[in-house]
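# Reading the structure
Listed below are the residues making up each chain.
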Amino acid sequence: MRTVTVKNLVIGQGMPKICIPITGKNRAEIEQDLEIIRSMKPDLAEWRVDCYEVGKNGETIWEMLRTISDKIGEIPLLFTFRTRQEGGEQEILYEDYVKLLEKAAKTGLADLMDVEVFFQPEETKALIKSLQESGVFVVASNHHFQRTPDAGELQERMRYMDECGADILKMAVMPQGSLDLCPVLEATIQMHQECEKPIVTMSMGASGVLSRIWGEFTGSCITFAAGRQASAPGQIKADEMRSVLEKLHQIKERKN
């Protein structure tokens, strides 16, 4: 399998990597998020830029990005603007979305960029290439907050992400019950075997908690865990997540 190496972190190898989101609406809340990240030392941090209320804060996005980058040091940073149609806090025009991501990539302050592949599917490949040319890795993403697609659809969506040239493929879905974990499990294992790129999958909400810890056995290589607060339903606290993942890793190693 092809791995992605960001700073000193190898994604797609070993225990699933833990990512804590930065979801603060203002500097004070972001400072709290950063304190938690510094104390818990996750493998990655994600700045959810859509949570930051730019118009109500004195600092620009770029000043805040510099602050975040400086304070997390060698922890790789994923830059994400989650659109409202995929569960985010703000709406944005596609042309503004592209400008935001391309400018962020060119700052050199973020290591990975989240791209919602189905925002404008016909233009995704060009956007991903542009971001990669600026020196960042691209996490292609797709989120379903109302349903869980069947395993076939999940696989087709991840195959399209692969065709678009993304470095990491991410799918997040909402289960209507425990049985909805089955298509996610099937699609994750299948794509892990089929695709050379790192895969990230999760089922949200209380019914989907199991999907956030099964990566050791299915091949999902990143799990998102809550710091000050969760960025999506069903996230486990980061310290609890690390404890569980380490135990599962030890069990797997003993079995091997």
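Scroll up a little and you will see the structure.
Here is a short report on the structure shown in this document. (Residues numbered from 1 in each chain as written. Predicted model: local features only at pLDDT ≥ 70, side-chain atom pairs only at ≥ 80, totals over all residues. Heavy atoms only, no water.)

Before going further, it helps to examine helix H4 (residues 121-133). With 13 residues, H4 extends 19 Å from end C-alpha to end C-alpha; this agrees with the ideal 18 Å at 1.5 Å per step. When H4 is considered as a whole, its buried residues turn out to be Thr124, Leu127, Ile128, Ser130 and Leu131. The buried residues of H4 all sit within an arc of 165° when viewed along its axis, so they share a single face. Of the residues in H4, the exposed ones pointing more than 90 degrees away from the buried face are Glu122, Ala126, Lys129 and Glu133. In the core, the buried residues of H4 are packed alongside helix H3 (94-107), strand E6 (112-116) and strand E7 (137-144). Of the residues trailing H4, glycine 135 is marked for its positive phi of about 100°. (Helix = DSSP H or I, 4+ residues; strand = E, 2+ residues; numbered from the N terminus. Expected span 1.5 Å × (residues − 1). Buried < 20%, exposed > 50% of the residue type's maximum accessible area, 1.4 Å probe, protein only. Arc of directions from axis to C-beta. Contact = heavy atoms within 4.5 Å.)

The subject of this paragraph is the nonpolar core. Nonpolar side chains in soluble globular proteins generally cluster together in the buried interior. One finds Trp47, Ile68, Phe79, Met113 and Leu131 to be the most contacted residues of the largest nonpolar core, which totals 62 residues. In terms of residue count, H3 provides more of this core than any other element does, seven residues in total. If near-sequence neighbours (up to four positions away) are discounted, methionine 113 is found in contact with Leu78, Phe79, Leu101, Ala104, Ala105, Leu131, Val136, Phe137, Val138 and Val139. By size, the runner-up hydrophobic cluster in this structure holds 18 residues, among which are Leu9, Ile11, Ala172 and Met202. (Core = buried A, V, L, I, M, F, W, Y, C linked by side-chain atoms within 4.5 Å.)

By convention here, two paired aromatic rings are described through the distance between centres and the angle between planes. If you walk through the whole model with that rule in mind, you get six aromatic pairs. Note on tyrosine 94 and phenylalanine 119: the rings are 5.0 Å apart at their centroids and 80° apart in plane angle, and the pair reads as edge-to-face. Within this pair, whereas tyrosine 94 is found in helix H3, its partner phenylalanine 119 is found in the loop between E6 and H4, the two being separated by 25 residues in sequence. By the burial criterion, tyrosine 94 is buried, and phenylalanine 119 matches it. Site record: aromatic cluster; members linked through ring pairs are Trp47, Tyr52 and Phe79. (Phe/Tyr/Trp six-rings, centres within 6.5 Å; stacked < 30°, edge-to-face > 60°.)

It is worth spelling out the pattern of salt bridges at this point. Within this structure, the stated rule accounts for 17 salt bridges. Note that arginine 38 and glutamate 35 form a salt bridge whose closest N and O atoms lie 2.1 Å from each other. Of this pair, arginine 38 and glutamate 35 both sit in helix H1 (residues 27-40), three residues apart, which is roughly one turn of that helix. The partly exposed category is assigned to arginine 38, whose relative accessible area is 29%. Where glutamate 194 meets arginine 159, a salt bridge forms, and the shortest distance between an N and an O atom there is 2.7 Å. With glutamate 194 in helix H6 (residues 181-194) and arginine 159 in helix H5 (residues 151-163), this residue pair connects regions lying 35 residues apart in the sequence. For arginine 159, a relative accessible area of 23% corresponds to the partly exposed category. (Salt bridge = Lys/Arg side-chain N within 4 Å of Asp/Glu carboxyl O.)

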